[in-house]
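Residues per chain are reported as follows:
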Amino acid sequence: MALIDSKSGKHTRDYSIEQLAEAANLMRGYDLVALAAAGSGHAGGTLSIMDIVAALYLRVADLDPSDPNWEHRDRIIWSAGHKAPALYLGLAFAGFCKPEDVVTLRKLGSPFQGHPHWPKVPGVEVSSGSLGQGLSVAVGAALAAKLDGRKNKVFCLMGDGEQQEGNIWEAAMEAAHYQLGNLVGIVDFNRLQIDGPVCEVMNIEPLEEKYRAFGWEVARVDGHDMKQIVAALEEAKTRPGAGKPLLIIAATVKGKGVSFMENVAGWHGKSPNREEMLKGLQELGLSEKIPYERLLASARHYQAEVEEKLAAKQPKFRRDYWWNAARNMKVKMEPTRKGFGQSLAQNGDDPRVVCLGLDISGSITISEFYANQPERKPRWLSMGIAEQSATAAAAGLAKEGKLPVLGTYAAFAAARNLDQLRVSVCYGNFNVMVAGAHGGVSVGPDGATHQALEDLFAVCGLPNMVVVVPCDAIETKKATDYLLLEHVGPKYVRFAREATPVVTTEDTPFVFGQANVSRLRGEAEQFVDAFETVLASEYSNESEDLSIIACGPMVPEAMRAAYILKRDFDCETRVINLHTPKPLDRAAIIRAAKETGVVITAEEHQIGALSGRVSEVITGSGQLYGLPVITGAIGVKDRFGDSGAPWELIKEFEVSAEHIAQKAVELLAIKKSHAREHAMAAM
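In this report, the structure presented in the accompanying data block is examined. Treat the numbers as computed from the prediction; the structure is a model and nothing was measured. (Residues numbered from 1 in each chain as written. Predicted model: local features only at pLDDT ≥ 70, side-chain atom pairs only at ≥ 80, totals over all residues. Heavy atoms only, no water.)

Describing the overall build of the protein
To keep things clear, this is the line we draw: Helical segments are the DSSP runs of H or I of at least four residues, strand segments are the runs of E of at least two, and each set is numbered from the N terminus. Put simply, the radius of gyration uses C-alpha atoms, and a globule should come to 2.2 Å times the residue count raised to 0.38. What makes two residues a contact is simply this: any of their non-hydrogen atoms within 4.5 Å. Exposure was quantified through the Shrake-Rupley algorithm and a 1.4 Å probe, taking into account, for residues, occlusion by the shown protein chains and nothing else. The positive count covers Lys and Arg only, the negative count covers Asp and Glu only, and His and the chain ends enter neither. Note that the charge is assigned to NZ on lysines, CZ on arginines, CG on aspartates and CD on glutamates.
Scanning the protein for helices and strands turns up 23 helices and 23 strands. In terms of C-alpha radius of gyration, the protein reaches 27 Å, essentially the compact-globule figure of 26 Å for 683 residues. Counting only contacts in the protein whose residues sit at least 6 apart along the sequence, the fraction spanning at least 24 positions is 79%. Per element, the accessible surface of the protein, about 25,900 Å² overall, is 52% carbon and sulfur. Averaging the coordinates of the 73 positive side-chain charges in the protein and doing the same for the 85 negative ones gives two points 1 Å apart.

In structure tokens, the structure reads:
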């Protein structure tokens, strides 16, 4: 069958081999336009998998676009969620949505997220993006079909680098054990992952023999020969529901169809600019067939509406206080992750230091360890896409006297491997350093699966673990220097992806476990020069109106909020950079509560990781008993992330300086009201 009307059982459209090849080519063109409009995304893998997508969605799988939840449909599970544009275009060409709508890819509020979220787009079966999980989901779906007596097939689309995840092999074992003949795995075998050739990063071969040894049947096809693809998929459709599961290994070319993208690892997570898009469309023979100007104009119109909505919901003050909006108070923007790489480059000569790569090495800058120092390469261990095993391996290295450093997106560095951190690292109290990169919503268009908003809950709850969340690139380097060579024991440093304001200098104090206090001293040409920063332990009370306690990139936002409050309300603010959430500087917190009476926490995280720990200090302090202290919290309000530009998400999730200032005004009004009532009662 394929595309059918589930009520009548009739085909709604049949595609020949030639028509499928033509559709796949057209989908590649729409993919280039959508990625160019988004300004981010994954060109390489979306182009490599498109022939498989066309065959599956337009000819082989039983689907009904008019009834996306039809009980007897075939299930198509995308484990390789980063290839979402290919999924969306497969659905669009099948009739679930319009191809032109996909041009809003990765924009705030768009259903076409950077990684698929099933409630937003009809036809998407599961939300995905954390590699290695899809095959297990497919096993569950196949088991359910058998239990319910349904004849549908379950297809699972995976990448070849993804085969490095241990989760894959647990699922492979389960599928064979339960004789899931209704399960078909498909590997987009394009031989490249972010860090380079799969065989060099972490070799997965012999893949066919491995799956056969696990009890699967295996077929190999040319992933760009439509006749071969269709034959393999249609044969898979006729297989009995009970028996061996089937794996189809489809040999493909990363960036297929666009000469300058083909077989280039750098195009894994990259999108084309306008010029590259136009060249790609020309090579695909689609310059006259795809209305790219109209599509790009539509994307710009959508973006303008997004910006208008964000502006409408942003708290308003006497003027625009946004970063670098005025003639003075300028800031330099630099990604905090750079400080991490700079520290590893500087300190990597210590022969005990061993860095473990987890396939996004350049992105998080851990590869700076060896980038210009080839003699260090033997101490660079590429572990592939395998967070759990790498974490436990780091514990083994530490046990033998090494100083292991591993890092990946914080969403995976403190969640995917949490049990390994808990048991192998923290329980043994081993000297392992973990970098949780790309923390918070400011990760941007990759969306919820890659935005760590819960990692501090996890790592702060681990005994023996210390946690540092530096505020800018300079402080990140200082924190990494200290944790790497001075602190002994489990340690976690969290930093952002996006370029954020640099609000410290080389002379700004950084002492592990001790907070800093920043006070606005007047406007200046450079924002950083408008503040005086000292150790909290050396700060003398100035009877400020309130305190803002923040960590990470929220420290610059807290400082900007202090500027807003001074200019518009003549309020004095004590900004506390609590860069070490564990162990806390309890004395700095208690003093702030006692001396200002209003404490606001600001975190780019689910509310509670910072605010809960600060509140525990305040409510548990005997020094504060009987004193009026009111608290407020700025952070993410119990929701998952979203795709969008980083600074749009700061506004959307209400964690900007404007939101901090608005909360301050609310709490200060309560403070003043209480003071009036107290004064009247005393009369």
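More follows now that the structure is in view.
Considering the sheet that holds strand β20 (residues 546-550)
Just so we agree on the cut-off: The pairing criterion for strands is at least two bridges between them, as found by DSSP. Note on method: axes are straight lines fitted to C-alpha atoms, helices fitted across the in-contact stretch only, with angles between N-to-C directions ranging 0 to 180 degrees.
Ordered in space as β19-β18-β21-β20-β22-β23, the six strands form an open sheet in which the pairing is mixed. Lying at the two open borders of the sheet, with one neighbouring strand each, are β19 (531-535) and β23 (630-636). Taken pair by pair, the neighbouring strands of this sheet meet at an average axis angle of 20°, ignoring direction. Note that strand β22 (residues 598-606) and β23 share six bridges and pair parallel. Directly across from A602, in β23, lies its bridge partner I634.

A short note on the packing of helix α19 (residues 554-569) against helix α23 (residues 657-682)
Going by this rule: Note that the term roughly parallel is reserved for angles under 35 degrees, roughly antiparallel for angles over 145, roughly perpendicular for angles of 65 to 115, and oblique for everything else. Crossings are sorted by hand: turned counterclockwise from the far helix by less than a right angle, the near helix makes the crossing left-handed, and turned clockwise it makes it right-handed.
Running from amino to carboxyl end, α19 crosses α23 at an angle of 55°, the nearest separation of the two axes being 8 Å. Classified by the angle their axes make, α19 and α23 are oblique. Where α19 crosses over α23, the two elements pack in a sense that is right-handed. For the pair formed by α19 and α23, the contact residues are M554, E557, A558, R560, A561, I564, L565 and F569 on the first element and A657, E658, I660, A661, A664 and V665 on the second.

A few points about the pattern of salt bridges
To be explicit about the condition: Here, a salt bridge means any side-chain nitrogen of Lys or Arg that lies within 4 Å of a carboxyl oxygen of Asp or Glu. Classification of residues uses two cut-offs on accessible area relative to the type maximum, computed with a 1.4 Å probe and protein chains only: under 20% is buried, over 50% is exposed, and between them is partly exposed.
As enumerated under the stated definition, the model contains 40 salt bridges in all. With a closest N to O distance of 2.9 Å, D455 and R494 form a salt bridge. Here R494 lies in strand β16 (residues 491-494) and D455 lies in helix α17 (residues 455-460), a separation of 39 residues in the sequence. Look at D455 and you get buried, because its relative accessible area is 4%. In this structure, a network of salt bridges that share partners links the residues R519, R521, E532, E542, E544, K566, D570, E572, R574, R591 and E595.

Examining helix α10 (residues 274-283)
Keep this limit in mind: The reported arc concerns the directions from the helix axis to the C-beta atoms and nothing else.
Those residues of α10 not exposed but buried are E276, M277, G280 and L281. The buried side chains of α10 occupy one side of the element, clustering within an arc of 135° when seen end-on. Facing away from the buried side of α10 by more than 90 degrees, the exposed set consists of E275 and Q282. Of the surrounding elements, those touching the buried residues of α10 are α1 (17-38) and α11 (292-313).

Details of the pairing of strand β4 (residues 154-159)
Quick note on the threshold: Looking down the strands as they point away from the viewer, one classifies a crossover as right-handed if the path from the first strand across the helix to the second runs clockwise.
Of all six residues in β4, six are buried; the element is thus mostly enclosed. The two faces of β4 match: V154, C156 and M158 on one face and F155, L157 and G159 on the other face are all buried. Note: strand β3 (residues 75-78) against β4, four bridges, orientation parallel. Note on β4: the bridge partner recorded for W78 is L157. The handedness of the β4 to strand β5 (residues 183-189) crossover, carried by helix α6 (residues 166-177), is right-handed.

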